[in-house]
Amino acid sequence: MVAITEADCTGCDLCIPHCPFEALLPLAESPTDRKHKKRPVVVLATQCVGCLSCIGSCPTKALHEILLPPISTTSPLLISNSDPETESIKRWGKKGLGWA
Ligand code: SF4
Ligand code: SF4
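A brief structural summary. If you're wondering where the values come from, they're calculated on a predicted model, not measured in any experiment.

**Looking at the site of ligand 1**
Part 1 of the argument: Around ligand 1 lies a shell of 14 residues, among which Cys19, Cys48, Cys51, Leu52 and Cys54 are the nearest.
Part 2 of the argument: The cavity that encloses ligand 1 is the second largest cavity.

Listed below in structure tokens is the structure:
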């Protein structure tokens, strides 16, 4: 699957339409210690199938391939809800993002 280095993510949203599984979405709230103005985009572990369609879409190289999902090293008994709260994205119709 893929991961995003939050410090390198400017929140430009360019990667979002490259994911056919809607696994790339902006965080609902920006972390308080964030240096960039816009909130970051995150990878939803429950949606990402590791197809790598998004690889190469990030201008800052914040998006990169990883061999194992971060939650794979945690016991399933200890995982409550792995995906953070995110904004929804309008993909279709006028001004919709569609797919890249
Ligand atoms: S690897 Fe595929 S499923 Fe995962 S975020 Fe990228 S495009 Fe979406
Ligand atoms: S393309 Fe890169 S910098 Fe832009 S939102 Fe996606 S991960 Fe962040």
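**Quick notes on the site of ligand 2**
Part 1 of the argument: Close to ligand 2 lie Ile4, Cys9, Thr10, Gly11, Cys12, Asp13, Leu14, Cys15, Val41, Cys58, Pro59 and Thr60, which account for all nearby residues.
Part 2 of the argument: The residue inventory of the shell around ligand 2, partitioned by class, reads 8 nonpolar, 3 polar and 1 charged.

**Concerning empty space enclosed by the protein**
Part 1 of the argument: Per the stated rule, a full pass over the model turns up 2 cavities of 30 Å³ or more.
Part 2 of the argument: When its volume is computed, the largest cavity comes out at roughly 100 Å³.
Part 3 of the argument: Class assignment for the residues of the lining of the largest cavity results in 10 nonpolar, 4 polar and 1 charged.
Part 4 of the argument: Its residues placed into classes, the lining of the second largest cavity shows 10 nonpolar, 3 polar and no charged.

**What about the side chain of arginine 39?**
Part 1 of the argument: Along the chain, the position of arginine 39 falls in the loop between strand E2 (24–26) and strand E3 (41–43).
Part 2 of the argument: A relative accessible area of 12% means that arginine 39 is categorised as buried.
Part 3 of the argument: Separated by 3.4 Å, the side chain of arginine 39 and the backbone oxygen of glycine 11 make a polar contact.
Part 4 of the argument: At 3.1 Å, the side chain of arginine 39 forms a polar contact with the side chain of glutamate 87.
Part 5 of the argument: Setting aside chain neighbours within four positions, we find arginine 39 in contact with Gly11, Asp13, Pro26, Leu27, Ser30, Arg34 and Glu87.

**Here's the deal with the layout of surface pockets**
The probe, sized like a water molecule, is rolled over the atoms to show the empty space still left.
Part 1 of the argument: Computed from the structure, the largest pocket encloses a volume of approximately 260 Å³.
Part 2 of the argument: Residue lining of the largest pocket: 16 residues in total, with Ile4, Val42, Val43, Pro70 and Pro84 positioned closest to the centre.
Part 3 of the argument: Counting residues per element, the ones that place at least two in the lining of the largest pocket are strand E1 (2–4) and E3.
Part 4 of the argument: Taken together, the residues that form the lining of the largest pocket break down as 13 nonpolar, 1 polar and 2 charged.

**Quick look at the side chain of arginine 91**
Part 1 of the argument: Along the chain, arginine 91 turns up in the segment after strand E4 (63–65).
Part 2 of the argument: Separated by 3.4 Å, the side chains of arginine 91 and glutamate 22 make a polar contact.
Part 3 of the argument: Those residues within four positions of arginine 91 in sequence are excluded, and the remaining contacts are Ile16, Pro17, Cys19, Glu22, Leu24, Gly96, Leu97, Gly98 and Trp99.

**Let's talk about unusual backbone geometry**
Part 1 of the argument: Although it is not a glycine, aspartate 13 adopts a positive phi angle of roughly 75°.
Part 2 of the argument: For aspartate 13, the position within the fold is in the loop between E1 and E2.
Part 3 of the argument: The class of aspartate 13 is buried, set by a relative accessible area of 18%.
Part 4 of the argument: Phi is positive for lysine 61, which is not a glycine, with a value near 60°.
Part 5 of the argument: Within the secondary structure, lysine 61 is located in the loop between E3 and E4.

Thresholds, definitions, all that
Residues numbered from 1 in each chain as written. Chains lettered and ligands numbered in written order. Predicted model: local features only at pLDDT ≥ 70, side-chain atom pairs only at ≥ 80, totals over all residues. Heavy atoms only, no water. Near = heavy atom within 4 Å. 1 Å grid on protein atoms, 1.4 Å probe; cavity = no way out; pocket = protein on both sides within 12 Å on 5 of 7 lines; lining within 4 Å. Sits in = over half its atoms within 2 Å of the grid points. Nonpolar A, V, L, I, M, F, W, Y, C, P; charged D, E, K, R; others polar. Points joined across faces, edges and corners; volume = space filled by probe spheres on them. Helix = DSSP H or I, 4+ residues; strand = E, 2+ residues; numbered from the N terminus. Buried < 20%, exposed > 50% of the residue type's maximum accessible area, 1.4 Å probe, protein only. Polar contact = N/O pair within 3.5 Å; in protein donor to acceptor, adjacent residues only side chain to side chain. Contact = heavy atoms within 4.5 Å.

Just distances and angles here, no functional claims.
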